[in-house]
Amino acid sequence: MSGPGAVEARATTTLGGLVTGQLLRLCQVAGIDEADAETYARVLTDALAGVAERSLDLPPPAWTFLSDDSTPVEFSLSFLPDGPPALRVLLEPGSGAGSLRDNGRAGLAVVRSMADRWGFDTGQLDLLEDLFLPDDPEGPLALWIALELRPGGVPKVKVYLNPAARGADRAAGTVREALDRLGHRETYDTLPPGDGHPFLALDLGDWQAPRVKVYVTHRDLRVSDAGGLSRMGNGPDAELLEGFLRQTGGYDDGTPGPEARFDRRPVLTCHSFTRTTGGPTGFTLHVPIRGYVPHDGVALDRTAAVLARHGVDPAVLERALAAVTPRAPRDGRGLLAYVALAHEQGRPPRVTTYISSEAYEVLPPVSPPPLQRAASGTAREPVPGTSAIS
């Protein structure tokens, strides 16, 4: 299926035109005024550089791990019970580069340009440059940037790095070395067991408590095992995490524990560190909901139930989806890519939804639904196209 470029009758002819239009409309949903929204739209096109002027009649500039259809932009909304959602945009600034090395160098240049513009320090990133941006990098990505948009026209900035840059077999060692360089010498051993580290992230700039974030992949995760994933003090209990997994995975129908498992796209956990001693101070559980629904209509219903359970009006999410595309949710799958439940010490839990731009392709609905896979023999879905990291 073709993407929103076709859905919108090609009223928007370039990638930059499409994603900035989506961003401007999402800013309205998030309560960001027009002047700040226009500023953020320019920041987005500046970061994408020449790729922003690329016609939507052309294929994606390069394959990217950031989305299923290789759009180098993804949006997310983080919800709390009171007030508008926080809007974020994730982008791959080096997506038009000819190699992974050049991709990373382009991304690093954009980060440093933002640092000059907004006056923040890149010292922590500089300490890790040789680990994550080597001369001959490997893996599915080099460097991504996430911008948390807020009133005033100055975003919060996060960078995401690839632990497999020096080889997948060295990813755990790379994460351990990075944490050691940043002063977190005992924190790696507090992480739960898993099947790899897809990302390491850093908060840069104006954060009240800047975080180092380590992501862990959990393949074939049973709902009943969720309680052992959080390692933060006073973190979420097993009942809350299992309930979230059952709602998002479609297992809240009484499916027995051994059968309630995520055996297609893997679940991710994120462990945040704001201090150099002790365990994590934050924990997020990311569910790739698009791998467990027949279409986005079901994903929307499940996510709305999660939002309502946490005191959030689901109508805001419906407006956000309409701001990104005019297509009906049931006509495709992947517009809602991930749903996450985040906990930080001293703060109420928040629900984050990850929304695909779908510039190049809309994944078709599937039949039978993925939850019938055991009986039908449906194959696993591929892992690529899984950001879930803002």
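Summary of the structure given here. Every value quoted in this text rests on a predicted model; they were computed, and no experiment measured them. (Residues numbered from 1 in each chain as written. Predicted model: local features only at pLDDT ≥ 70, side-chain atom pairs only at ≥ 80, totals over all residues. Heavy atoms only, no water.)

1. What about the pairing of strand β12 (residues 350-356)?
Every other side chain in a regular strand lies on the same face of the sheet, so the side chains alternate between the two faces. For β12, the tally of buried residues reaches seven of seven residues, placing the bulk of the element in the interior. In the sheet, strand β1 (residues 73-79) pairs with β12 via six bridges, with the strands oriented antiparallel. Bridge pairing links E74 to S356 in β12. Both strand β11 (residues 336-344) and β12 contribute to a ladder of six bridges, which runs antiparallel. Bridge pairing links L341 to V351 in β12. In this antiparallel pair of consecutive strands, β11 and β12, the connection spans five residues, and G346 shows a positive phi of 80 degrees. (Buried < 20%, exposed > 50% of the residue type's maximum accessible area, 1.4 Å probe, protein only. Helix = DSSP H or I, 4+ residues; strand = E, 2+ residues; numbered from the N terminus. Pairing = 2+ DSSP bridges.)

2. Digging into the packing of helix α3 (residues 34-48) against helix α4 (residues 100-118)
The relative placement of two packed helices comes down to the angle between their axes together with the axis-to-axis distance. One way to put it is that α3 packs onto α4 with a least axis distance of 11 Å and a crossing angle of 145 degrees. Crossing handedness for the pair α3 and α4: right-handed. Counting all contacts with α3, which are made through T39, V43 and A47, the residues of α4 involved are V110, M114, R117 and W118. Tallied by class, the residues present in the contact of α3 with α4 amount to five nonpolar, one polar and one charged. (Axes fitted to C-alpha atoms, helices over the stretch in contact; angles between N-to-C directions. Left-handed = near helix turned anticlockwise from the far one by under 90°. Contact = heavy atoms within 4.5 Å. Nonpolar A, V, L, I, M, F, W, Y, C, P; charged D, E, K, R; others polar.)

3. Some thoughts on the environment of L58
Position of L58 relative to the elements: it lies in the loop between α3 and β1. Taking relative accessible area as the criterion, L58 reaches 41% and is therefore assigned partly exposed. Remark: the alpha-carbon pair of L58 and G254, spanning 196 residues in sequence, is separated by 47 Å.

4. Remarks on the packing of aromatic side chains
On inspection of all chains with the given rule, the structure shows nine aromatic pairs. Pairing Y251 with F262 gives two aromatic rings, centres 5.8 Å apart and planes at 85 degrees, and the pair type is edge-to-face. Linking Y251 in the loop between α7 (238-249) and β8 (261-262) with F262 in strand β8, this pair joins segments that are 11 residues apart in sequence. Taking the relative accessible area as the measure of exposure, Y251 reaches 4% and is therefore buried. (Phe/Tyr/Trp six-rings, centres within 6.5 Å; stacked < 30°, edge-to-face > 60°.)

5. Side note on the side chain of H310
Inspection of the secondary structure puts H310 in the loop between α8 (296-309) and α9 (315-324). Take H310: its relative accessible area is 16%, and that puts it in the buried class.

6. Overview of the sheet that holds strand β10 (residues 282-287)
The strands making up a sheet associate through hydrogen bonds between their backbones, and the pairing can be parallel or antiparallel. Taken in spatial order, the 10 strands line up as β1-β2-β3-β4-β5-β6-β9-β10-β11-β12 and close into a barrel, and their pairing is antiparallel. Each strand axis lies, on average, 20 degrees off the axis of its neighbour in the sheet, ignoring direction. Note that strand β9 (residues 267-273) and β10 share five bridges and pair antiparallel. Bridging across to β10, C270 finds its partner in T284. The strands touched by helix α2 (residues 15-29) within the sheet are β1, β2 (86-91) and β3 (143-149), with β1 carrying the most contacts at an inclination of about 10 degrees. Helix-sheet contacts for α3 involve β1, β2 and β3, and the interaxial angle to β2 is about 15 degrees.

7. Describing helix α6 (residues 171-181)
Because an α-helix packs 3.6 residues into every turn, residues spaced three or four apart end up facing the same way. All of the buried residues in α6 are A171, T174, V175, A178 and L179. What you see down the axis of α6 is that its buried residues fit within an arc of 130 degrees, all on one side. Positive phi appears at G183, one or two residues downstream of α6, with a value of about 95 degrees. (Arc of directions from axis to C-beta.)

8. Topic: the pattern of salt bridges
Under the counting rule described, the total for this entry stands at 19 salt bridges. In this structure, the salt-bridge partner of R347 is E344, at a minimum N-O distance of 3.2 Å. Judged by its relative accessible area of 47%, R347 falls in the partly exposed class. Its relative accessible area of 17% is what places E344 among the buried residues. (Salt bridge = Lys/Arg side-chain N within 4 Å of Asp/Glu carboxyl O.)

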